[in-house]
Amino acid sequence: MKTIGIIGAMDEEITVLKEKIDVVTAKNVIGLDFYIGMFNGNSIVFVRSGIGKVNAAVCAQVLADHFAVDYIINVGVAGAVSPELNVGDVVISKDTVQHDMDTSAFGDPLGEIPRMAESYFKADDELVKLALSAAEEICGAEKVFFGRVASGDQFISDKDKKKKLWSTFGAYCTEMEGAAIAHASWLNKIPFVIIRSISDNADNEADMKYEEFVEIAAKNSGEIVYKLLEQI
Ligand code: ADE
């Protein structure tokens, strides 16, 4: 039996799990509600972290310290960065970058975390394989992409910023938590994967598209995680 921690930033992103996993107990730590249940022979702990990198990293640390999780899965929505992506597509993380990490004044490349061995945290091969297969089953292979997730404390709704994320980092999608969860997971030596469903194109209409598609995209990513949990 493994213990699997699942983080969504917002309520919409954990709704499917709330509906489908029988919660046995819940525990509140630092104001966050951690829901605990059993599924497919594994212990599942899922939680809404709140939005942004600090909330996400702290939440991942609580999963490590209080729940001794073996794996961490981050589920939710994202803006499309790669020109080949559209609303309704899915990105499974290859690795992550914190796109707002900037010590270029000292000559460092954008995204590099100064004085750390790693800046681009790589997702776990086995979790990636399971996530890809679950996503393909739910959405069809043509909608599923494997690539870099760029996170920052910014909602990207600007076509020039979006282009920069593509040209600087080769990011496939952008959101506000994944790289922080990856960072915390790496520090704790916990394998992780990020599963993100595209809710908008991170361009000048992103806010409107997001409002329209956030719920359906969040549900989609939740269904993928549920399918993954059936196979793990
Ligand atoms: N989450 C969903 N869409 C996003 C965007 N455009 N920027 C940042 N986070 C997002």
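Note: the structure precedes this text.
Thresholds, definitions, all that
- Residues numbered from 1 in each chain as written.
- Predicted model: local features only at pLDDT ≥ 70, side-chain atom pairs only at ≥ 80, totals over all residues.
- Heavy atoms only, no water.
- Salt bridge = Lys/Arg side-chain N within 4 Å of Asp/Glu carboxyl O.
- Helix = DSSP H or I, 4+ residues; strand = E, 2+ residues; numbered from the N terminus.
- Buried < 20%, exposed > 50% of the residue type's maximum accessible area, 1.4 Å probe, protein only.
- Phe/Tyr/Trp six-rings, centres within 6.5 Å; stacked < 30°, edge-to-face > 60°.
- Lys NZ or Arg CZ within 6 Å of the ring centre and 35° of its normal.
- Pairing = 2+ DSSP bridges.
- Near = heavy atom within 4 Å.
- Areas by Shrake-Rupley, 256 points an atom, 1.4 Å probe, with all protein chains shown as cover.
- Nonpolar A, V, L, I, M, F, W, Y, C, P; charged D, E, K, R; others polar.

Student: Quick question: what am I supposed to make of the pattern of salt bridges here?
Tutor: If the charged atoms of two oppositely charged side chains come close together, the side chains can form a pair. Within this structure, the stated rule accounts for 12 salt bridges. With a closest N to O distance of 3.3 Å, Lys219 and Glu223 form a salt bridge. You can see Lys219 and its partner Glu223 sitting in helix H6 (residues 206–231), four residues apart, about one turn around the helix. A network of salt bridges, in which partner residues are shared, links Glu13, Glu175, Glu177 and Arg196.

Student: Can you help me understand unusual backbone geometry in this one?
Tutor: Outside of glycine, negative phi angles account for most residues, and trans bonds account for most peptide bonds. Residue Asn40 is not a glycine yet carries a positive backbone phi of 50°. Its location among the elements puts Asn40 in the loop between strand S3 (32–39) and strand S4 (42–48). Classification of Asn40 as partly exposed rests on a relative accessible area of 39%. If you check the backbone angles, Ala68 has positive phi at about 45° while not being a glycine. Within the secondary structure, Ala68 is located in the loop between helix H2 (53–67) and strand S5 (71–80). For Ala68, a relative accessible area of 53% corresponds to the exposed category.

Student: Would you explain the packing of aromatic side chains in this entry?
Tutor: Aromatic rings considered in pairs are described by the distance between their centres and by the relative angle of their planes. For the structure on display, the rule yields six aromatic pairs. Note on Phe121 and Trp186: the rings are 5.3 Å apart at their centroids and 45° apart in plane angle, and the pair reads as tilted. One end of the pair, Phe121, is in the loop between strand S6 (90–98) and helix H3 (125–139); the other, Trp186, is in helix H5 (residues 178–188), and 65 residues separate them in sequence. The class for Phe121 is buried, based on a relative accessible area of 1%. A residue is classified by how much of its surface remains accessible, and Trp186, at 34% relative accessible area, is partly exposed. The residue whose ring lies beneath Lys27 is Phe67, and the NZ or CZ to ring-centre distance is 5.4 Å.

Student: When you look at the pairing of strand S9 (residues 192–200) in this model, what are you seeing that I'm missing?
Tutor: Regular strands show a simple pattern: their side chains alternate between the two faces of the sheet. Most of S9 is tucked away: nine of the nine residues are buried. Pairing geometry for S5 and S9, over eight bridges, is parallel. Counted as the bridge partner of Ala78 is Ile198 from S9. As defined by bridge partners, S6 adjoins S9 across three bridges and the pair is classed as antiparallel. The residue bridging Val90 from the neighbouring strand is Ser197, located in S9.

Student: Can you walk me through the site of the ligand in this structure?
Tutor: In the vicinity of the ligand lie 13 residues, with Gly79, Phe155, Ile156, Glu175 and Asp200 positioned nearest. In the complex, 96% of the free accessible area of the ligand, which totals 260 Å², lies under the protein chains. Mapped onto the shell around the ligand, the elements with two or more residues apiece are S5, strand S8 (171–175) and S9. Here the shell around the ligand gets three residues from one element, more than from any other, and that element is S5. Of the residues assigned to the shell around the ligand, the class counts are seven nonpolar, four polar and two charged.

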